[in-house]
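Below, each chain spelled out in residue letters.
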Amino acid sequence: MSERHLQPLLHDLVGVVHAPTSTLGDTAGQIRPSGVQGVFHADARVLSRAELRVDDREPEALTRGAAGPHGARFVSLARWLGDPTPDPTVRIDRTRQAGPHGITEEIVVSSTAAAPVHATLSIDLGCDLAPIELVKSGGSGAPLEAKAGEPGQVQWAAEGVTVTVTGEAATVDAAGERATAPRLSWPLTVAPDTAVTLRWRLAVTDPKAVVAAPPAGPGWSVPEVRADDRRLVRLLDRALADLRGLRLADPAHPEDVFLGAGVPWFLTLFGRDSLWAARMLLPLGTDLAAGTLRVLARRQGTRVDPATGEAPGKILHELRRHEFTLADEGLRLPPAYYGTVDATMLWVNLLHDAWRWGLPAEQVEPLLPHLEAALGWLAEHADADGDGFVEYVDTTGHGLANQGWKDSGDSIRFRDGRLAAPPIVLAEVQGYAYEAAVNGADLLDAFGRPGGDRWRGYADRLARRFRQAFWVDGRYGPQPALALDRDKRPVDSLTSNIGHLLGTGLLSADESAQVAALLSTEALAGGFGLRTMSTDDAGFSPLSYHCGSIWAHDTAIVLGGLARAGHRDAALRLADGLLGAAEAFDFRLPELYGGDDRSALGRPVPYPAACHPQAWSAAAAVLLLQAGVGLYPDVPGGRVRLDPLAGPDLGALSAEGLRIAGTPVTVTVDREGHPTITNLPDALTLTHPHLPTPRRPTETPSPTAS
């Protein structure tokens, strides 16, 4: 039987990140030469081992915690040293900090023993410079030989990358068998009631990296939030710290900042992920949105190239330094890959929403030719068979088989579990297309450019076609299908995708209400958030990547759509699930987690290969805050709407430092749900909010199985 290459587990690893550098180690603080542990820079593993020992013995791990936005601290014991009493007397605190070009560690050995403690502390190192895709497929590179340099220094170099480790006052052993496992060591004596501090650092020189560290500073407002539900405050604090670590820039244009998708697999530019994360962060300012839009506009497609998926006007999917290959999956992606069906519309919608939040006209206008090119792709290249729907198919045989956000090969399934054959017409993508057409038309009109009526006509025709082709009879009544397959048959499973239609304008009010009811069923909402596929479908598995798991960003997007459309009960249920998951994961929401019932374990089951931190999962906290205070500005239209979720059910909520048109505002919602806003720019008018009615003791009835 052939050997199976398994993606390494990382759910219980401890990550620190300051993009483009990230580190994953175990809960004891060790970086072991196995799985996905290591220090990564951009898309290469620059250190595969950093194991601490005292007198050649591993300390016993005690606890760990965060150390600022880019660090972690680990506490362990050396109980064989010091006084022979039940109480430990020798403690080791190991603090790891990531920087944009490497990491530093400070090791504090403290003693309360009665006599001086003598020991030797060592760090065993290793480097394989394995590309991230090799690590993802369960492989590793051959250990590289190190060269000892200046005192206390060891170095590796290959493929244009130079990695240097320096231990302050350390002795280096890199000779003979130690060439591939060099050791830093420090003899130490710790007097009673004192401590000794040791330090080492890693520095990376990587001129070929396709992403770079941005200028210092978060680039968005950091609001002061007060809430009756403290889970929201803690989630937001952790999320903003993680987002700060995921900031990246284009090396040629370092002023344009975007968010890398996630640690460890996707710490680079991803069209869909970077766009969604920037869209969720609009309540904190428009700078991140502007940088993301410009970075992607510079790489907008200009020609038809089936090998890369490029087409004129199309927005990039992902950027790597070299080909990304997962041989076991038959995947081979070029360094600049355009295999995404939705990023182009999401780019248009981010530009529009940033404009609504107050992105200045002088920043919008240079992007209008790119807007027109993106709409041109929608008209000329998004509908290969001319049926009026946006569809995709991988023609190369080695690209992504599915090119929506659920991009795993088995994600598009019928109710009975059968896989749909491509070309695939995804439900939510038609919603994005409708929204992009209307939003694009509004921008064209506002800036005196032609084409607005054409795109409103496109949207009207798309809505009629969608209504005729997508609605099917389901277990809980009428429902939009997940997709249409090659033969235009509705793929009739019940999935979270339909929630993305809310707020796009594609659905009528009655259709939106039915979708809200479907999203409230136990089959979809019975876990800690929104399941990607209902428990009634044959393809459901709680630990399937896209067929039953729960994704934080997916839940938040749907929650936001429900809240904005006035479906409070459904939105509040998802909010409670998301906050419950956050608490279980120490307020760092991973990329995804299991879709088990809440009653199964009382906490969500980790998905073992989920990225953390991850951009759109962290950004979900900001979208939850926005829905909580109910802030919906339209700066070009001169108005702001307040319609909060906070109040009788979620509790009081206040956010100081949200930004509208660059102006910091404060929104406060009391326990009755009455909102107020202060410091609103004079040019904006507040629409009359309504006061919510507390929910009845029993839930609003959901659709029942027929």
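Above this note sits the structure.
For clarity, every value in this text was computed on a predicted model and none was experimentally measured. (Residues numbered from 1 in each chain as written. Predicted model: local features only at pLDDT ≥ 70, side-chain atom pairs only at ≥ 80, totals over all residues. Heavy atoms only, no water.)

(A) Looking closely at the packing of helix 2 (residues 230–245) against helix 15 (residues 615–629). Across the interface, helix 2 lies against helix 15 with an axial gap of 9 Å and an inter-helix angle of 135 degrees. Comparing their axes, helix 15 and helix 2 come out oblique. Where helix 2 crosses over helix 15, the two elements pack in a sense that is left-handed. Packed against helix 2, whose contacting residues are Leu 232, Leu 235, Leu 236, Ala 239, Leu 240, Asp 242 and Leu 243, the element helix 15 presents Ala 615, Ala 618, Ala 619, Ala 621, Val 622, Leu 624 and Leu 625 at the interface. Residue composition of the contact of helix 2 with helix 15, grouped by class: 13 nonpolar, no polar and 1 charged. (Axes fitted to C-alpha atoms, helices over the stretch in contact; angles between N-to-C directions. Helix = DSSP H or I, 4+ residues; strand = E, 2+ residues; numbered from the N terminus. Parallel < 35°, antiparallel > 145°, perpendicular 65-115°, else oblique. Left-handed = near helix turned anticlockwise from the far one by under 90°. Contact = heavy atoms within 4.5 Å. Nonpolar A, V, L, I, M, F, W, Y, C, P; charged D, E, K, R; others polar.)

(B) Representation of the sheet that holds strand 33 (residues 653–660) within the structure. Read across the open sheet, the 4 strands follow the order 17-33-34-35; overall the sheet is antiparallel. Each having just a single partner strand, strand 17 (224–227) and strand 35 (675–678) make up the two edges of the open sheet. Within this sheet the neighbouring strands show an average axis-to-axis angle of 25 degrees, counted without direction. When strand 17 meets strand 33, the two strands line up antiparallel, connected through 4 bridges. (Pairing = 2+ DSSP bridges.)

(C) Focus on the side chain of Asn 439. Here Asn 439 is to be found in helix 8 (residues 427–446). Here the side chain of Asn 439 touches Asn 349 through a polar contact of 2.9 Å, side chain to side chain. Leave out the neighbours within four places in its chain, and Asn 439 touches Asn 349, His 352 and Asp 353. (Polar contact = N/O pair within 3.5 Å; in protein donor to acceptor, adjacent residues only side chain to side chain.)

(D) Highlighting the packing of helix 12 (residues 552–564) against helix 13 (residues 568–584). Running from N to C, helix 12 and helix 13 cross one another at 155 degrees; their axes reach a closest spacing of 8 Å. As summarised for this structure, helix 12 and helix 13 are arranged roughly antiparallel, according to the angle between their axes. Where helix 12 crosses over helix 13, the handedness of that crossing is left-handed. Contacts from Ala 552, Thr 555, Ala 556, Val 558, Leu 559, Leu 562 and Ala 563 in helix 12 reach Ala 570, Ala 571, Leu 574, Ala 575 and Leu 578 in helix 13. Tallied by class, the residues present in the contact of helix 12 with helix 13 amount to 11 nonpolar, 1 polar and no charged.

(E) Inspection of the environment of His 370 at higher detail. With respect to the helices and strands, His 370 occurs in helix 7 (residues 368–380). Put simply, His 370 and Gln 300 are 70 residues apart on the chain and 7.7 Å apart in space, counted from C-alpha to C-alpha. For His 370, the contacting residues outside a window of four places in its chain are Ala 297, Gln 300 and Trp 347. At 2.8 Å, the side chain of His 370 and the side chain of Gln 300 are in polar contact.

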